[in-house]
Amino acid sequence: MSPLLHVNTITKRFGGFLALDGVDLVVQPGERLGLIGPNGSGKSTLVNCVCGTLRNEVGSVNFNGEVIDKLTAHERTRRGLARSFQLPRPFHSMSLADNLRIPLLYTVRAREGMLHAHTDLEARCHQLLELVGLLKKANQLPRDLTQVEMRKLELARAMAAEPKLLIADESMAGLSHSEIDDILALLFRLNETGITVILIEHIMSAVMKFSQRLAVLVSGKKVADGKPEDVVRDPEVVRAYLGQ
Amino acid sequence: MNNVKFSLIAIVVAAAVLAFAHWFKVDYLFFASYTILQFIVLATAWNILGGYCGYVNFGSAAFFAIGAYTSVFLHKAFPLPVPLLIVVSAITAGIAGFGMGYLTLRLRGSFFAIATLALAVVLQTLVVNWDFVGGSRGAYIIRPENLEIGSFQIPYIEYLFALMLGLTVLALVTARAIEHSQLGYGFATIRDDELAAEASGVPTLRLKLIATTLSGAFMGMAGAPFPYYIGYLQPQSAFGLEYAVNSIAMPMIGGTTSWVGPLVGAILLGSAQQYATVTISSAVNLLIVGLMLVAFVIIAPNGLIGLVQDWLRKRRAS
């Protein structure tokens, strides 16, 4: 089976700082991949390069059989590559329903023959809000939400684009145990519908529960990639996290 | 209410205003209301970029002047009727808006504002040194006393007033249509968070270019009849500070998130300025703008519309 995402030795510099140093990553369709690494190891930079927010100087990104290096972020979203942001970035002047309406209008409707009827659009908005348990607050503004609800909105907006691959960038940081379980259940449910998920996270219990495979970034280099149980015992990974 | 219905209502209201003014038959009324209408168009145009997308344009005067000087140029090169001048001005100012957008939209916040201010300075320098349109001396446009259509005779000021009224309707209908469309949602995401907008599939750069082009085109349209209205156009008046300041202040005072804001703000501020010009002195104009802007920033940061919305929300909650 050809991979859904193939990150081919990409390198990203910020001035003299090497944020990503020849990172390779292959993700198969339907996979649940965990991506971990200490703070500043380049996880978010990798997401930004994959999603088009930043441009990598060296290497290339291949998504669904297509080289996407020259595409802008919104073009990549339309091709089925969605992400949630580490710090939730809702459209703060819009109601929750309108927040979800944006990707529906600009991503799903841009594909052929989708959601042209107004009622379909409304129904889809409500369906998504119900899925994340926010239907009651459909007409409220994001500022009325709690932290966990904000994360759910962020995920719902990424899901609204009907992606093939969802990258969840630290969507559980700062949440309680039961809230983490909530989000995890949501991600599992998504994965069951055929969406490939990359989970970037610091909370190891959640990562271990979720991931089929685990990749580790340290100082811009991928130091390990394999079965989660094996990866966490890898001496290099242990050294990066605990020091020598 | 759909767009067609709204357009019809707007046209009926405009026709009623025109009929009333015609019945009243005071030249000064036409003269003063023309200025207010012109500011409604300018404020609405500014709001398409500044209010909907959140990009503050300090160069409104430049686009207004592009419209005005397009008229002067054509008046000398090949005279056209004023409605056609408006169309040509819309095109030139629209192109200028597109160009400005392309060059500056990678800038954000105050940097974008400074760039638009610089554009106005550059254009003014060009016009001052362009002899064909009068240079720094200015240009006289002798307008006919009456417009003659067959055996009909319409006073020219009334004709210009009617044109500006038509432009006002066009600007308001366009702004409202944008607000309720997919484009309007896209603009709002740019205002809220561009990164998140891109991640949701919104082509932000293209949308910003649409906004600068539309906004510039409407400002140019507002400026096109101006040389005929004023009779003598010089760079200082076409690039006047009052255009840049008013185009920002009026939507701010009215409220920037809806088409009603610029309309209300322009009527309020424009009338106050006209009143002050007659009763006190024309120099007090900008002082009034400044004071009102300060007052509104303190009392109603989201403008009059925001104030009303907050009040409605509170009443619904209690």
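Located above this text is the structure these notes cover.
One numbering rule holds for all chains: residues counted from 1, following each sequence as written. Each chain is given a letter, starting from A, and each ligand a number, starting from 1, according to the order in which they appear as written. Thresholds applied to this predicted model are a pLDDT of at least 70 for local features of residues and 80 or more for the giving and counting of side-chain atom pairs; totals over whole chains, interfaces and linings are not thresholded and use all residues.

1. Let's talk about the overall build of chain B
Strands here are runs of E lasting at least two residues and helices are runs of H or I lasting at least four, both read from the DSSP assignment and numbered beginning at the N terminus. When helices and strands are tallied, chain B shows 15 helices and four strands. The size measure is the radius of gyration over C-alpha atoms, and the globule rule it meets is 2.2 Å times the number of residues to the 0.38 power. At 19 Å, chain B has a C-alpha radius of gyration in line with the 20 Å of a compact globule built from 318 residues. Referenced to the eigenvectors of the C-alpha coordinate spread, the extents of chain B come out at roughly 60 × 45 × 40 Å. The exposure scheme places C-beta atoms from the backbone and then counts, for each residue, the other C-beta atoms within 10 Å of its own, assigning buried at 20 or more, exposed at 12 or fewer, and partly exposed in between. The buried share among the 318 residues of chain B stands at 47%. Whether two residues are in contact depends on their C-beta atoms, placed from the backbone: they are in contact if these lie within 7 Å. Contacts spanning at least 24 positions in sequence make up 77% of the contacts within chain B whose residues lie at least 6 apart.

2. Thoughts on the sheet that holds strand β6 (residues 81-84) of chain A
Residues and elements named next belong to chain A. Strand pairing is defined by DSSP finding a minimum of two bridges between the two strands. Taken in spatial order, the six strands of this open sheet run β6-β7-β8-β3-β9-β10, and their pairing is mixed. The strands lining the two open edges of the sheet, one partner per strand, are β6 and β10 (221-226). Taking the axes of each pair of neighbouring strands and ignoring which way they run, one obtains an average angle of 20° across the sheet. When strand β3 (residues 32-36) meets strand β9 (residues 213-218), the two strands line up parallel, connected through four bridges. Among the inter-strand pairings, leucine 35 is bridged to a residue of β9, identified as alanine 215. Sheet contacts for helix α1 (residues 43-51): β3, β6, β7 (165-169), β8 (196-200) and β9; angle to β7, the most-contacted strand, approximately 150°. Every axis in this analysis is a line fitted to C-alpha atoms, fitted for helices over the stretch in contact. Angles between the N-to-C directions lie between 0 and 180 degrees. Lying on the sheet, helix α9 (residues 235-242) is in contact with β9 and β10; it crosses β10 at an angle near 125°.

3. Re helix α6 (residues 177-192) of chain A
All names here are of chain A. A rise of 1.5 Å per residue sets the reference length of α6, with its 16 residues, at 22 Å; its end C-alpha atoms lie 22 Å apart and thus fit the reference within 8%. Residues of α6 that are buried: Ile180, Ile183, Leu184, Leu186, Leu187 and Leu190. Across the axial projection of α6, the buried residues extend over an arc of 155°, all falling on one side. For α6, exposure combined with an orientation more than 90 degrees from the buried face picks out His177, Ser178, Ala185, Arg189 and Glu192. Looking at the packing, one finds that the buried side of α6 touches α5 (147-160), β7, β8 and α7 (204-210). Taken from the residues just after α6, glycine 194 is the one with a positive phi, measuring 105°. To estimate the expected span of a helix, subtract one from its residue number and multiply by 1.5 Å. Taken from the helix axis, the directions to the C-beta atoms give the arc we talk about.

4. Comments concerning helix α3 (residues 96-108) of chain A
The end-to-end C-alpha distance of α3 of chain A is 18 Å, a good match for the 18 Å that 13 residues give at a rise of 1.5 Å each. Summarising burial for α3 of chain A: 10 of the 13 residues are buried, a large majority. Where α3 of chain A is buried, its residues meet α2 (73-78), α4 (118-131) and α5 of chain A together with α7 (182-192) of chain B.

5. Side note on the interface of chain A and chain B
With 23 residues of chain A at the contact, the number on the chain B side is 16 residues. Of all elements in the fold, only α2 and α3 of chain A reach the threshold of two or more residues within the side of chain A that touches chain B. Per-element accounting of the side of chain A that touches chain B gives the leading share, six residues, to α3 of chain A.

6. What to know about the nonpolar core
Joined through C-beta atoms within 7 Å, a set of buried Ala, Val, Leu, Ile, Met, Phe, Trp, Tyr and Cys residues constitutes a nonpolar core. Ranked by internal contacts, the top residues of the largest apolar core, which has 159 residues, are Leu166 of chain A together with Val41, Leu42, Phe64 and Ala65 of chain B. A total of 15 residues in this core trace back to one element, the largest contributor, which is helix α6 (residues 156-179) of chain B. For leucine 166 of chain A, the residues in contact, after removing those within four places along its chain, are Ala82, Ala158, Met159, Leu190, Ile195 and Val197 of chain A.

The analysis is restricted to geometry; functional conclusions fall outside its scope.
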